[in-house]
Amino acid sequence: MADAKHALNRDAILDGDDPFLDASDIERLMLGEAAPMAAQAAAKPAPADVDRGSRRFGAGSTPEADEFLDSYHSETPAPAPQSQSSLDAVFAELQDEFMASQASMPAGEALYGEIDREIADQPVPRISIAAFCERPETGALVHNAAGDRRLAKAHIAVELGGLPAAIERYHDATTPNLLIVESGMRGQGLFEQLEELASVCDPDTKVIIIGAANDIALYRELMKRGVSEYLVPPMTPLHLIRSISDLFLDPEQPFAGKTIAFIGAKGGVGSSTIAHNCAWSLSEGLQTDAVLVDLDLSFGTAGLDFNQDPAQTLGDALNEPDRLDDALLDRLLVRCTERLSLFSAPATLDRDWEFTPTEYEMVLDKVRRQAPFVALDLPHLWLPWVRDTLLSADQVVVTVTPDLASLRNAKNLFDLIAGARPNDELPKVVINMAGMPKRPEIPVKDFADALGTQPALVLPFEPQLFGKAANNGQMIHELDPKSKAADGFAHLAGLVTGRTAGPMRRRSIVSKLFGG
């Protein structure tokens, strides 16, 4: 139904007949929130009377275009382009201001507007992107987006000069996969420059225009001319990232689940217990499919916690990641409940598990295609693949105990993650085993002040409850659904997914025997 509605809206916009388009729809379009529609519009065949030739956009004037241009009697002049020599100095200052502004704001806010939490979380493939900006502020925004984890594979270059600079650059050079061009113009001059840019663009190059006019008529005309997207400030780096992601989304694999990485600030803090119970709670409470991946290949406990001993494990997938397809992955995953699947660790010491970050990335990317949520139980190690997996996750949960070593290590993790992921939320903090008798503890307030965020969950020291659950191969909610810990895991599952968990049912003995 949603797809049909988008298709109707798209056709109405392209045909110029949109009686149901209101102000909020127009604002959503201008802010790039209809990027999939714009991408489809760019792919829509041109009307029969338009001779586009081999050009991607702007290959000729139509009667409709002439009428549109006649309505603009005055031009909005573009700002004078700045020389490339001024870029480095101005950029450095603006980038520092941009990052300082981001850091001083509460999580979820940004300098150019509010972060849209419905953005696509899929990484952009290995493409080349060139941005030609008129204003250094826009260049700083693109630079900020370029450092985001979702664009880690893309090669991005940013220059000043706007449309004239882009035209000049590609007269004798191959255009990249994506051109991002800023222009403050609206009328005849804009379309003349777009015609000239189209004449030097390769047929497969996509174009995003960053403009200054929140004008639905201009948006329609640009879409008719084959421009892939039109964005208008205010916008955040995430708005731009989502627009790029939507344009290059793999039509063969459009779905990718949300990854939640769990890591302990030190060994023995119970991060795996948190990961396993949270994964169970989100799958049962939210009634959604999830996959738990035990990445501690030598000492993983997920198999024990769920009473599973599979013959094939994550180690088999990492040995030959190129062979891992949906059919093989389905055989490797073990179903713990109706909705929760487990990718178990080998948990043996008979070999050294030495794999590259690329091999881990390949396997986890395929696991993401299996369920809406993927919980990653990371070991307390610091290796390149652990770092890459942590920084590429959609959400991070750091488990600590209320002691000095946990505080120091958690602060180091927070500083690293916040610096490498400026457009993401701070990690969630779980303080585990609080209130242990006769043990001096750092107050929760001191943890919050040092990390700059309140703990998402504080779990009391309950050795009887947690010990019995571990020995029985049960989750806390199965053993004692009325306990504070069970409520805490349901609360954490809601925080990391952005959803509210409903009532959960206990697994019966029969269902556990048959993997239900």
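In case you missed it, the structure is sitting above this.
This text gives an overview of the structure that appears in the document. What you see is a predicted model; the values in this text were computed from it and never measured.

This paragraph deals with the pairing of strand β9 (residues 290–294). Burial analysis of β9 places five of its five residues in the buried class, the great majority of the element. As defined by bridge partners, β9 adjoins strand β11 (residues 340–343) across four bridges and the pair is classed as parallel. Each bridged residue has a counterpart across the sheet, and for L292 the counterpart in β11 is L342. Relative to strand β12 (residues 373–377), β9 runs parallel, the two sharing five bridges.

Moving on to the packing of helix α16 (residues 384–392) against helix α17 (residues 404–420). The N-to-C vectors of α16 and α17 enclose an angle of 60°; their axes lie 10 Å apart at closest approach. As far as their axial angle goes, α17 and α16 are oblique. The crossing of α16 and α17 is right-handed. On the side of α16, the interface is formed by R387, L390 and L391, while α17 contributes L413, L416, I417 and A420. Here the contact of α16 with α17 is composed, by residue class, of six nonpolar, no polar and one charged.

Formed by 45 residues in total, the largest nonpolar core has its most connected members in V293, F343 and V398. Discounting residues that sit within four places of it in the chain, V398 has contacts with I263, A265, A410, L413, F414, P427, K428, V429 and V430. A302, L340, F466 and M475 belong to the second-largest nonpolar core, a separate cluster that totals 35 residues.

So, about the environment of R368. You can see R368 is positioned in the loop between α15 (357–367) and β12. For the pair R368 and K258, spaced 110 residues apart in sequence, the C-alpha to C-alpha distance is 7.2 Å.

Time to look at α16. Within α16, burial applies to W385, V386, T389, L390 and L391. Buried residues along α16 sit against β8 (258–264), α15, β12, β13 (395–400) and α17.

With that settled, consider the sheet that holds strand β7 (residues 229–231). Hydrogen bonds along the backbone pair up the strands of a sheet, which may run parallel or antiparallel. Taking strand neighbours across the sheet as the criterion, the five strands line up as β4-β3-β5-β6-β7 in an open arrangement whose pairing is parallel. Here the strands that pair on one side only, and so sit at the sheet edges, are β4 (155–160) and β7. Across the sheet, the axes of successive neighbouring strands diverge by a mean angle of 15°, strand direction being ignored. Strand contacts of helix α6 (residues 136–146): β3 (128–133), β4, β5 (178–182) and β6 (206–210), with the helix running at about 170° to β4, the strand carrying the most contacts.

A few words now on the pattern of salt bridges. All chains considered together, the criterion is met by 18 salt bridges. As a salt-bridge pair, E195 and R225 come within 3.2 Å of each other at their nearest N and O atoms. Here E195 is found in helix α8 (residues 188–200), whereas its partner R225 is found in the loop between α9 (216–224) and β7, with 30 residues between them in sequence. A salt bridge links R339 to D289; the nearest nitrogen and oxygen atoms lie 3.9 Å apart. Taken together, the residues R339 in the loop between β10 (334–335) and β11 and D289 in the loop between α11 (271–285) and β9 connect sequence positions 50 residues apart. Classification of D289 by relative accessible area gives partly exposed; the value is 35%. Through salt bridges that share partners, D148, R149, R150, R368, D394 and D424 make up one connected network.

For the rest of this paragraph, the subject is the packing of aromatic side chains. Inspection of every chain in the model, using the stated rule, returns five aromatic pairs. Grouping aromatic residues by their ring pairs yields a cluster made of W353, F355, Y360 and W385. Across from the ring centre of F248, 5.8 Å away, lies the NZ or CZ of K206, which sits over that ring.

Cut-offs and rules
Residues numbered from 1 in each chain as written. Predicted model: local features only at pLDDT ≥ 70, side-chain atom pairs only at ≥ 80, totals over all residues. Heavy atoms only, no water. Buried < 20%, exposed > 50% of the residue type's maximum accessible area, 1.4 Å probe, protein only. Helix = DSSP H or I, 4+ residues; strand = E, 2+ residues; numbered from the N terminus. Pairing = 2+ DSSP bridges. Axes fitted to C-alpha atoms, helices over the stretch in contact; angles between N-to-C directions. Parallel < 35°, antiparallel > 145°, perpendicular 65-115°, else oblique. Left-handed = near helix turned anticlockwise from the far one by under 90°. Contact = heavy atoms within 4.5 Å. Nonpolar A, V, L, I, M, F, W, Y, C, P; charged D, E, K, R; others polar. Core = buried A, V, L, I, M, F, W, Y, C linked by side-chain atoms within 4.5 Å. Salt bridge = Lys/Arg side-chain N within 4 Å of Asp/Glu carboxyl O. Phe/Tyr/Trp six-rings, centres within 6.5 Å; stacked < 30°, edge-to-face > 60°. Lys NZ or Arg CZ within 6 Å of the ring centre and 35° of its normal.

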